[in-house]
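An overview of the molecular structure
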Amino acid sequence: MWWLYPGDIGKRVILPPSYTGSPRDMHQRYYDARALVQKYGKPDFFITMTCKPKWEEIQKELKPWQHAHDMPDLTTRVFHSKFEELKTVLFTKGVLGKVVAHVHVIECQKRGLPHAHILIILDERDKLCSPDDYDTVVRAEIPDPDIEPGLRRDDGREVTFDNGKVVNNSWVVPYNPWLLKKYDCHINVEICSSVKSVKYLYKYVWKGVDCVCMEVSSEKGVEDEIKQFVDAHWIFPQEALWRICRYQMNKISPPVVSLQIHLKDHQKTLLPEGRTVRDVLQRERASRTKLTEYFKKNAEDEFARTLLYKEFLEHYVWDQSLMQWNRRRRNNRVIGRVDVVSTRTDNYYLRLLLNHVRGPTSYEDLLKVGSVTFSTYREVAHHLGLLESDTAMRDTLLEATQVQMPSSLRRLFCTILALWNPTGVRELWDEFLPHLIEDHLRSNT
């Protein structure tokens, strides 16, 4: 029987993004990865590497009666060592070209084989620009038996398997011959030729773990994200070993740091167990955030006033212990990403101003334009021309097309029509129609 206590009504238990692999973590990392595209452009390669149970390093350690799936610790360690070598080959030695940014995620299949997804963005000088460039890196045909006998299984343009199945080049997934021979496993190397495929690739990489959950109840009590995640999470032996060994489950390079947006005195504050709200609010640290200290640094530092909020992390580093910004001493590459907020709140107009106004020293300073002081951020944005000629609506839709799926874009478009009353509805419709119906076009082709 499901008991619903009055004190539980309205409660919600959050599984924070600090837990690697949680839905909120995957959602946040997806936006972080999309920040790489805004900085460096679309990815050039999408690589998938899968553990091979017949690797010599695995087979020689097995007893005569054992199989690879009987030794998850062995397959996990061997795959990790080979994947680390692959990362060195790709990112450090640059066998496919100089890498300026990359993303990789480790997943485990239900049959117990770990695999990795890698997205690579190359330097402008090493990007592939023509079909001839593509052919030098990736192939999608049966190998020539005279040139590469080690990759060849049969003669002719067709291959006949032991079960009588005949396949041709249409069955071959894109691959790189050198990587295939070096690692002797499934390594799928695909070229990202269009920016239209970007959000689907990143959604696929950050789709999260497999989940199985079913609940039948006449009433609903506390919405507990932790319980939902634990009950639905399908944990594989290799994933458990990967976490026990403290191997990296995913990585984004260069790192992306989110920059919070909030109105004055509306920042989020943690309430530790056993402390009262008054105790927390009386602490000086409770009033300090990245945004408030950004204002403070602009008032003190002349160079800081030349930067936008999203550019701040490229030159300053956040000291969590002192809750303040300090000038970077090392030339480390870091990308700042301003948090996404709802278009229905004042936070949206605050975010709009922070993306266009350099060097504000306070919330009140953002409300001033010359000698005129406005009462809302929307009025300031309108005065600066950020809301004229549907510019803000178009920028909102442009940003959304890079990260949102078509169904979410359609809801956003309807929200804009209902709340903002754009003047050029037809122009917006014609411009963003391909993005709004993209899923229907794909399903009908």
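Presented here is an overview of the structure given in this document. Bear in mind that the values here come from a model prediction, so they are computed numbers and not experimental data.

On to the packing of aromatic side chains, then. The final tally for this structure, using the stated rule, is 15 aromatic pairs. Look at Tyr294 and Phe312: their rings are 4.9 Å apart centre to centre, the planes differ by 90 degrees, and that puts the pair in the edge-to-face class. Note that Tyr294 is positioned in helix α10 (residues 290-300) and Phe312 in the loop between α10 and β11 (316-319), a separation of 18 residues in sequence. Judged by its relative accessible area of 0%, Tyr294 is buried. Judged by relative accessible area, Phe312 falls into the buried class, the value being 0%. Ring centres of Tyr348 and Tyr349 lie 5.4 Å apart, and the angle between their planes is 80 degrees; this geometry places the pair in the edge-to-face category. Judged by its relative accessible area of 7%, Tyr348 is buried. Here the aromatic residues Tyr294, Phe295, Phe303, Tyr309, Phe312, Tyr316, Trp318, Trp325 and Tyr363 are joined through ring pairs into a cluster of three or more. Taking NZ or CZ as reference, Lys82 lies 5.0 Å from the ring centre of Trp55, over its face. Its end group placed over the ring of Tyr183, Lys182 keeps NZ or CZ at 5.5 Å from the ring centre.

A few words on the environment of Thr136. Note that Thr136 resides in helix α4 (residues 131-137). A distance of 2.5 Å separates a polar atom in the side chain of Thr136 from the backbone oxygen of Asp133.

Another aspect to go through is the state of the cysteines. Here the structure, examined in full by the defined rule, presents zero disulfides. Not engaged in a disulfide, the cysteine Cys51 finds its nearest cysteine sulfur in Cys185; these two sulfurs lie 8.1 Å apart.

Scoring rules and cut-offs
Residues numbered from 1 in each chain as written. Predicted model: local features only at pLDDT ≥ 70, side-chain atom pairs only at ≥ 80, totals over all residues. Heavy atoms only, no water. Phe/Tyr/Trp six-rings, centres within 6.5 Å; stacked < 30°, edge-to-face > 60°. Helix = DSSP H or I, 4+ residues; strand = E, 2+ residues; numbered from the N terminus. Buried < 20%, exposed > 50% of the residue type's maximum accessible area, 1.4 Å probe, protein only. Lys NZ or Arg CZ within 6 Å of the ring centre and 35° of its normal. Polar contact = N/O pair within 3.5 Å; in protein donor to acceptor, adjacent residues only side chain to side chain. Disulfide = S-S within 2.5 Å.

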